[in-house]
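So the chains spell out like this:
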Amino acid sequence: MPRPEASPEILPLRVEGLSLTLGGKPILRDVSFELEAGPCSVILGPNGCGKSMLLRVCHGLLAPTELLAPTEGRVRWCGPGAGEAERGQAMVLQRPVLLRRRVAANLEYPLRLRGLAPNERRDRVAVVLERASLEALAERPARALSVGEQQRVAVARAWAVEPEVLWLDEPASALDPGATRALEETIRRIRASGTKVVMTTHDLGQARRLADEVLFLHRGRVLEKTAAETFFEEPQSEEGRAFLKGELLT
Amino acid sequence: MRAVAALILALPFIACSPSAEAPETLIMASTTSTRDSGLLDDLLPRFEAETGIAVRVVAVGTGRAIDLARRGDADVLFVHHRPSELEFVAEGFGLERLPVMYNDFVLVGPREDPAGVRELGDVAAALANVAANEVPFFSRGDDSGTHKAELRLWAAASVEPSAGASGWYRETGAGMGATLNTANQTPGYALTDRGTWIAFRNRSGLDLLVEGDPLLRNEYGVVVVNPERHPHVKAAAGKRLADWLTSDAGRAAIAAYRVGGEALFFPIER
Amino acid sequence: MAELTEAFRSALGLIVGLDPDLLEIVSLSLRVSLVALVPSMLLGIPLGATVAIARFPGRGFAVVLLNLGMALPPVVIGLLVYLLLSRSGPLGDLSLLFTPGALVVGQTVLVTPLVAALSRQVFEDHWTEYEETLRSLGARGARAVATLIFEARHSLLTVLLAGFGRAITEVGVAIIVGGNINHLTRIMTTAIALETSRGDLPLALGLGVILLALSLGVNVLALAAQQAVRRAEA
């Protein structure tokens, strides 16, 4: 698929000194990292480490409490106030909400919001349905599908806008192994299409299967950002080693 | 957005226009007694047949009817409280008051007649008895013609009734029929016009107890609303109605109207 | 008890005999209330949705105001609308007073706050579920409201029925702004009030039975439609 028309580039995305406090509780503390185009980045960390919140802030659903102003011209922020940059990205929430309409209409919805002409929308929906292997479900009411099918529709809906960056929050958390396999296949195809995938997961096996690089998040801080192989073979941090051994619970 | 607003404004007009609009229509503010007795249902079709003018009746208490006419919401006033009607004309709201007909008020009350007023014939004495025995009396209390007449009768009986929750004098604040419904349930006395009484279907324990006293005369007059006050008023058509009501044809129709064989209203000779 | 029996008998007599006056009154009642529902929904639903979704200073006050509107006594609304439509009032030139149009206006003013208040609750519940998804997809403002209205369509049918119920059963507004004029603005409820004042209680009650049956019929129809739509979608 071609890149979306005239969408400003988000990548590389550099986040510097990001902090988030919710209800007086610090969720993210002084987080800094840079995401480059290409590799599938998996954010790992124990429950409650702030993974989901980090994705929400990056996507623009939550405003950061603090964020150091980027110093270099190439750095762009895609959160609130980023204007057109928002259009170059999409997100799939952990519990996706599909609209009460057919699957194809769900995929078409964000395209209409982006002002695509009807025939463009139709073509794009057909392509995405095929790529996500959802043709058989196209005419089904989305809300009547199984959890796994709904998750794949949500991912396809996000993919339909051909984002530069796709944020996936625990995409397989509620799925059985079969549905997980189907979903991971879709994620691989998305990555192959040139979209940067950034996802969180608590499933180490899934991280090993999908990750090109790992961001290890612990208690609101990024402790490691390394190539996946490096992280799984010799993690740099104490906490990373403990996490891989299954000894780090919070 | 503008189209939606226009649609909303237009809806009442397009969706609910009356099925067959008569060429000319009048709004007449009248009292519940003329409607509830069935008189207007008998008279107005005759008038329409003769003139082609359809009359729409808004039946409320006399006080409210006069207020409607004062605001220009009616073309013709047909009520029964002469002083108020004359005042309405004197203030310039009405063209001229024409006397149309009369009937009389009657005092009704429990068949057992605990105040002993039956066949006293003297309404002032009867009301004085009701007050002395503190038997429940139900007043309209709504500034209607009947209410105004009732207050005049209490004055004649030299009684000053004051409404109280537990007292014997009770104001229903409702129409004649509703007040009679209340009186037959309690039971208690009430002043009503004869027309409503004869047409009333739910008398059960109530009896007519006092009638025939000259004080009980109940006169109806018609007034056309002054177009100088309210230019939209259909004064010409209103004038035709007022003239017809007081014409030979109108008076004959009033005199001929019967309920259960009884005449309810008597035309006033000119 | 004898009166109740007679009431049912008179209701049955009116229905079986297809009394033309009754048909006229029933058809006017239905027409007025159904027509009044259109502007009520067009105004009330977006209003309810906006108050549910928008965050603005004084929003809590707006919610209280909406809920208060639900409890406004019909007679007060009738009086306000009367003063508006009266020849001496600001909208007197429309000549709407004592016409079916006045009934529509009155019932619209009566029902709109109810629709707005009930739909606000519906939208708040839906917004909790949809907010992040819609924002993430890029729907905002009027677009988000429109989507939410569509998504809440099943719950809104219940709101519609509640609005219809309030419109068709009220009498205070109809008497004051309609005038209960025979063959013009006489509807079920004002006819019932009239027969009560004439002391014909069985006839009044009979009309009441018909009104109840009518409301029941509309509810059954609406619920059947809802079921059919649900089945078609599932």
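In this text the structure is predicted, and so the values were computed from the model without any measurement. (Residues numbered from 1 in each chain as written. Chains lettered and ligands numbered in written order. Predicted model: local features only at pLDDT ≥ 70, side-chain atom pairs only at ≥ 80, totals over all residues. Heavy atoms only, no water.)

## Remarks on the overall build of chain C
Argument step 1. A tally of helices and strands in chain C yields 10 helices and 0 strands.
Argument step 2. Each helix and strand of chain C, placed in order from N terminus to C terminus, yields the pattern α-α-α-α-α-α-α-α-α-α.
Argument step 3. Within chain C, buried positions represent 51% of all 234 residues.
Argument step 4. Across chain C, the fraction of contacts at a sequence separation of at least 24, relative to all contacts at a separation of at least 6, is 73%.
Argument step 5. For chain C, the exposed surface amounts to about 10200 Å²; the carbon and sulfur share of it is 72%.
Argument step 6. Distance from the positive charge centre (15 side chains) to the negative charge centre (16 side chains) of chain C: 8 Å. (Helix = DSSP H or I, 4+ residues; strand = E, 2+ residues; numbered from the N terminus. Buried < 20%, exposed > 50% of the residue type's maximum accessible area, 1.4 Å probe, protein only. Contact = heavy atoms within 4.5 Å. Areas by Shrake-Rupley, 256 points an atom, 1.4 Å probe, with all protein chains shown as cover. Lys, Arg positive; Asp, Glu negative; His and termini not counted. Charge placed at Lys NZ, Arg CZ, Asp CG, Glu CD.)

## Some points on the confidence of the model for chain C
Argument step 1. When the pLDDT values of chain C are averaged, the result is 90; 99% of them are 70 or greater.
Argument step 2. Predicted as a complex, the structure gets a pTM of 0.81 and an ipTM equal to 0.87. (pLDDT = per-residue confidence, 0-100.)

## Looking at the environment of Gly 88 of chain A
Argument step 1. Here Gly 88 of chain A is to be found in the loop between helix H1 (51-59) and strand E4 (89-92).
Argument step 2. For the pair formed by Gly 88 of chain A and Arg 241 of chain A, sequence separation is 153 residues and the distance between their alpha carbons is 35 Å.

## Description of the pattern of salt bridges
Argument step 1. Taken as a whole and judged by the stated rule, the model has 40 salt bridges over all chains.
Argument step 2. A salt bridge links Glu 238 of chain A to Arg 241 of chain A, with the shortest nitrogen-to-oxygen separation between them at 3.2 Å. A residue pair is termed a helical-turn pair when its members lie 3 or 4 positions apart in one helix, as Glu 238 of chain A and Arg 241 of chain A do in helix H8 (residues 238-244) at 3 residues.
Argument step 3. Taking relative accessible area as the criterion, Glu 238 of chain A reaches 56% and is therefore assigned exposed.
Argument step 4. Here Lys 148 of chain B and Asp 143 of chain B are joined by a salt bridge, their closest N and O atoms 3.4 Å apart.
Argument step 5. The partly exposed category is assigned to Asp 143 of chain B, whose relative accessible area is 41%. (Salt bridge = Lys/Arg side-chain N within 4 Å of Asp/Glu carboxyl O.)

## A word on helix H3 (residues 59-70) of chain C
Argument step 1. Between its terminal C-alpha atoms H3 of chain C stretches 17 Å, which fits the 16 Å expected from 12 residues at 1.5 Å a residue.
Argument step 2. Packing partners of the buried residues in H3 of chain C comprise helix H2 (20-53), helix H5 (100-137) and helix H7 (153-169) of chain C. (Expected span 1.5 Å × (residues − 1).)

## Details of the interface of chain A and chain C
Argument step 1. Contacts between chain A and chain C engage 21 residues on the former and 20 residues on the latter.
Argument step 2. Taken together, chain A and chain C are joined by 3 salt bridges.
Argument step 3. Close ionic contact of Arg 56 of chain A with Glu 132 of chain C constitutes a salt bridge, the shortest N to O distance being 2.7 Å.
Argument step 4. For the pair chain A and chain C, the number of links is 11 residue pairs in polar contact (both at pLDDT 80 or more).
Argument step 5. Elements with a contribution of two residues or more to the side of chain A that touches chain C: H1 and helix H2 (103-113) of chain A.
Argument step 6. Top contributing element to the side of chain A that touches chain C by residue count: H2 of chain A, with 4 residues.
Argument step 7. In terms of residue class, the side of chain A that touches chain C is built from 11 nonpolar, 2 polar and 8 charged. (Polar contact = N/O pair within 3.5 Å; in protein donor to acceptor, adjacent residues only side chain to side chain. Nonpolar A, V, L, I, M, F, W, Y, C, P; charged D, E, K, R; others polar.)

## What about the packing of aromatic side chains?
Residue and element names in this part refer to chain B.
Argument step 1. On inspection of all chains with the given rule, the structure shows 13 aromatic pairs over all chains.
Argument step 2. Seen in terms of ring centroids, Phe 78 and Tyr 220 are 6.1 Å apart; in terms of plane orientation they differ by 55 degrees. Their pairing is tilted. Pair noted here: Phe 78 is in strand E3 (residues 76-79) and Tyr 220 is in strand E9 (residues 217-225), with a separation of 142 residues, a long-range link. One exposure class covers both Phe 78 and Tyr 220, and it is buried.
Argument step 3. With a centroid separation of 5.5 Å and 85 degrees between ring planes, the pair formed by Tyr 220 and Phe 265 is classed as edge-to-face. (Phe/Tyr/Trp six-rings, centres within 6.5 Å; stacked < 30°, edge-to-face > 60°.)

## Quick word on the interface of chain C and chain B
Argument step 1. Taken together, the 35 residues of chain C in the interface contact 30 residues of chain B.
Argument step 2. Of the roughly 2700 Å² buried between chain C and chain B, counting both surfaces, carbon and sulfur atoms make up 61%.
Argument step 3. The three residues of chain C that bury the most area against chain B are Arg 87, Phe 98 and Arg 198 of chain C, which together make up 21% of that side's buried surface.
Argument step 4. Counting across the chain C and chain B interface gives 2 salt bridges.
Argument step 5. Of the charged contacts, one joins Asp 41 of chain B and Arg 198 of chain C as a salt bridge, the two residues approaching to 3.8 Å between their closest N and O atoms.
Argument step 6. No other element matches H2 of chain C, which puts 7 residues into the side of chain C that touches chain B.
Argument step 7. For the side of chain C that touches chain B, the class distribution of residues is 20 nonpolar, 9 polar and 6 charged. (Buried area = accessible area lost by both parts, 1.4 Å probe.)

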